[in-house]
Amino acid sequence: MPFDVRRFDIYRKVPKDLTQPTYTGAFISILCCVVILFLFLSELTGFIATEIVNELYVDDPDKDSGGKIEVSLNISLPNLHCDLVGLDIQDEMGRHEVGHIDNSMKVALNHGAGCRFEGEFAINKVPGNFHVSTHGATAQPQTPDMTHTIHKLSFGEKLQVLKVQGAFNALGGADKLASNPLASHDYILKIVPTVYEDLSGKQRFSYQYTVANKEYVAYSHTGRIIPAIWFRYDLSPITVKYTERRQPLYRFITSVSELYCGFNIRKLIQKSLYLHFLSVNYMVMGRQWTFRW
């Protein structure tokens, strides 16, 4: 007799005419198919969707920036004329610039009585400050009014990712219109470097920041009150990195294979229940037969 390799088949098929459909088997089959379909769709959604993983490390992530950070500022001073509004920048590297005007714009408010200042400029990656004041004006006002609203203050590239909730514009919406008009305002910022890496490996560099503020009346050496809006900043050595990731293909295939194994378990459960009901019926029929005998 020739050797038949089919002897090694552990999943032998039963002829259809030797099987018997049951209502219990149909119910279990439908229930299992619904559950397995739900699990499969869940796994497929998890495979298609991306997740954001964050990590912390100590390093300067943007070494190609030349030691600079781009800043975007938008602030309204409704009671100070545009001719008096200026931006001053200074830091620990010796920079001291009064009346910065590059890449800036002033828009008159309240029929010329107020001003909105919009500007984009670069600061060095060292502790320092920039402030909105009247220091650069040719003639100082007698009663400068520094009440203000900050619309935007951000650092680095614009980063808008739905799954990343960070303090990229922590001062946006800050309202000091009810403050003392002659008061100076100190905003102390701790700037945190932030990196976002998408699925393609492309990186974008931005900065989050925390803020604390105080309000006070400052006098010059001549006894005059010269208020200003100060933004004093320092950089954190800790970098926050967000990495966009997707579930590996092999993990998805493994999960789907587990679902298939679960479908085979359904067959075992169905067969076990069928044999149980068959034995019960046999016992009942046997008792009836004994009673009749």
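Residues numbered from 1 in each chain as written. Predicted model: local features only at pLDDT ≥ 70, side-chain atom pairs only at ≥ 80, totals over all residues. Heavy atoms only, no water.

A. The arrangement of the pairing of strand β6 (residues 114-124) in detail. Both strand β2 (residues 68-77) and β6 contribute to a ladder of 10 bridges, which runs antiparallel. Within β6, the position partnered with V71 by the bridge is F121. Sheet topology note: the strand β5 (residues 104-109)/β6 ladder contains 6 bridges and is antiparallel. Within β6, the residue paired with K106 across the bridge is F117. Between β5 and β6, which pair antiparallel in sequence order, lie 4 residues; one of them, N110, sits at a positive phi of approximately 55°. (Pairing = 2+ DSSP bridges. Helix = DSSP H or I, 4+ residues; strand = E, 2+ residues; numbered from the N terminus.)

B. Expanded view of unusual backbone geometry. Despite not being glycine, N110 has its phi angle at roughly 55°, a positive value. Positionally, N110 belongs in the loop between β5 and β6. You can call N110 partly exposed: its relative accessible area is 47%. Residue H111 is not a glycine yet carries a positive backbone phi of 60°. (Buried < 20%, exposed > 50% of the residue type's maximum accessible area, 1.4 Å probe, protein only.)

C. Spatial organisation of the nonpolar core. F130, L153, F155 and F231 are the most contacted members of the largest nonpolar core, which totals 31 residues. If you list the elements that add at least two residues to this core, you get β2, β3 (86-91), β6, β7 (128-133), β8 (149-156), β10 (184-197), β11 (203-216) and β12 (229-235). The biggest single contributor to this core is β2, with 5 residues. Dropping the residues within four chain positions of it, F155 is found in contact with I69, E70, V71, I123, F130, L189, I191, S206, Y207 and Y209. Judged by nonpolar contacts, the second largest core, of 7 residues, contains F168, V192, Y196 and V240. (Core = buried A, V, L, I, M, F, W, Y, C linked by side-chain atoms within 4.5 Å. Contact = heavy atoms within 4.5 Å.)

D. Up close: the layout of surface pockets. In this structure, the second largest pocket encloses a volume near 380 Å³. Taken together, 20 residues form the lining of the second largest pocket, with S154, E157, K158, L159 and F168 sitting closest to its centre. Secondary-structure elements contributing two or more residues to the lining of the second largest pocket are β2, β6 and β8. The element best represented in the lining of the second largest pocket is β8, accounting for 4 residues. Partitioning the lining of the second largest pocket into residue classes produces 8 nonpolar, 7 polar and 5 charged. (1 Å grid on protein atoms, 1.4 Å probe; cavity = no way out; pocket = protein on both sides within 12 Å on 5 of 7 lines; lining within 4 Å. Points joined across faces, edges and corners; volume = space filled by probe spheres on them. Nonpolar A, V, L, I, M, F, W, Y, C, P; charged D, E, K, R; others polar.)

E. Main features of the state of the cysteines. The final tally for this structure, using the stated rule, is 1 disulfide. The side chain of C82 participates in a disulfide bridge whose partner is C115; the two sulfur atoms lie 2.3 Å from each other. Measuring the twist about the S-S bond at about 100°, one finds the C82-C115 disulfide to be right-handed. Taken together, the residues span a long stretch of sequence, with C82 in the loop between β2 and β3 and C115 in strand β6 at a distance of 33 residues. A residue is classified by how much of its surface remains accessible, and C82, at 12% relative accessible area, is buried. The exposure class of C115 is buried, given its relative accessible area of 0%. (Disulfide = S-S within 2.5 Å.)

F. Structural detail: the packing of aromatic side chains. This model, assessed by the stated rule, comprises 5 aromatic pairs. With a centroid separation of 6.1 Å and an interplanar angle of 35°, the aromatic rings of F130 and Y233 are classed as tilted. With F130 in strand β7 and Y233 in strand β12, the pair connects residues that are 103 residues apart, well separated along the chain. Across the pair, Y233 and F130 agree in class, each one buried. Every member of this aromatic cluster is reached through a ring pair, and the members are F121, F130, Y187, F231 and Y233. In this structure, R232 is placed above the aromatic ring of W230, and the distance from its NZ or CZ to the ring centre is 4.3 Å. (Phe/Tyr/Trp six-rings, centres within 6.5 Å; stacked < 30°, edge-to-face > 60°. Lys NZ or Arg CZ within 6 Å of the ring centre and 35° of its normal.)

Distances and angles like these do not, on their own, reveal function.
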